Amino acid sequence: MSELPEYIQLLKNGDQLAFNELVEKYQHKVFNTILSITQHNEDVEDICQDVFIQIFRSIKDFRGDSKLSTWIYRVSLSKAFEFERKKKAQKRINYFKNVIGFDINEMQVPDFNHPGITLQNKEKASILFKAMKKLPENQRIAFTLIKAEGLSYQEVGEIMNKSVKSIEGLIQRAKENLRTILKPYYLK
Amino acid sequence: MKQNETTNLIEDTINSIDSINRAEASPFFSRRLSVKLKNNQRINAMPTQKYLYVMATSLFLLLFMNTLILKQQPQKNEKAIDTTSYKESFSDLYNLNNNSTYYYDDYKKK
């Protein structure tokens, strides 16, 4: 239903019911993707809302070259990384303020706990999410979409505009990097 | 042995996010989103008003600039008067010279 041209046309016409359906269908996917990338429980809802508003505004420009879900994932990833860049810039400003002498207590980044992870995996997942932050952007996107979102290599390839082979390569390198990052933690 | 344990732990950690339950998203999410979308629609529904606002502001700025330009006009006129007065004084001088010529001619006749 969500990929039918008639449905997409309804969205383009600004049909409220069609849009509600889109939100219902994709909200968990968008939420989970953004949460896995940003690892910020407080801001994730706002970013999700921005994603859907962006979709609502620019659905008219959707040409249908890719699947609607692929396009939604792209918008979500772009918003998530945009948020992360802003956070990093804010951190840099806070650091300089600290150096100059303004009394700002540098808060320690709290451990991230994904609400959808089972209790027995919570600790390990928290360590993994911390390690994932150190991966290069491409590897991180591929790893998150395949591991946290459960997408296939084919789907991730479509989202990232890459071949299945290069996605396999990205996952391979991501795992190798993660092993290197995690090894000192477990050898302590 | 310890090496094996560490390797297993690392592999377990890498696979620990395989079974995320996506439906754990906030239950208030849909309601909050629909509220924000309604506000957004309200903003989107006002392009004519925005257009009118921009037009009115442009018109006001245009009139303001025009008034400023008009205010500068008298200064130019003043300069023009100055020039005229200079010309007048010059012609006065010329007349004086003419007069002197006249006097000179008179002197010659004499």
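Please read these numbers as outputs of a predicted model, since none were measured by experiment. (Residues numbered from 1 in each chain as written. Chains lettered and ligands numbered in written order. Predicted model: local features only at pLDDT ≥ 70, side-chain atom pairs only at ≥ 80, totals over all residues.)

### Let's talk about unusual backbone geometry
Residues and elements named next belong to chain A.
Right, so step 1: For glutamine 39, which is not glycine, the phi torsion reads 55 degrees and is therefore positive.
Right, so step 2: One can find glutamine 39 in the loop between helix H2 (16–38) and helix H3 (44–58).
Right, so step 3: Overall, glutamine 39 belongs to the buried group, with 22 C-beta atoms counted inside 10 Å.
Right, so step 4: Located in the positive-phi region is asparagine 161, a residue other than glycine, with phi close to 55 degrees. (Helix = DSSP H or I, 4+ residues; strand = E, 2+ residues; numbered from the N terminus. Buried ≥ 20, exposed ≤ 12 C-beta atoms within 10 Å, placed from the backbone.)

### Some details on the nonpolar core
Right, so step 1: Core analysis: the biggest nonpolar cluster contains 43 residues, and Val30(A), Ile34(A), Cys48(A), Ile72(A), Ala142(A), Leu145(A) and Val156(A) have the highest contact counts within it.
Right, so step 2: Mapped onto this core, the elements with two or more residues apiece are H2, H3, helix H4 (68–100), helix H5 (122–132), helix H6 (137–148), helix H7 (153–160) and helix H8 (164–187) of chain A together with helix H1 (2–14) of chain B.
Right, so step 3: If one sorts the elements of this core by residue count, H2(A) sits on top with 7 residues.
Right, so step 4: Here this core spans two domains, since at least three of its residues come from each of domain 1 (1–83) and domain 2 (112–188) of chain A.
Right, so step 5: Discounting chain neighbours no more than four positions away, the residues touching Ile34(A) are Val44(A), Ile47(A), Cys48(A), Ser76(A), Lys79(A) and Ala80(A). (Core = buried A, V, L, I, M, F, W, Y, C linked by C-beta atoms within 7 Å. Domains from an automatic or database assignment. Contact = placed C-beta atoms within 7 Å.)

### Concerning H7(A)
For an α-helix, the turn length of 3.6 residues means that residues three or four places apart are oriented alike.
Right, so step 1: Taken together, the buried positions of H7(A) are Val156(A), Gly157(A), Glu158(A) and Ile159(A).
Right, so step 2: Downstream of H7(A) by one or two residues, Asn161(A) has phi in the positive range, about 55 degrees.

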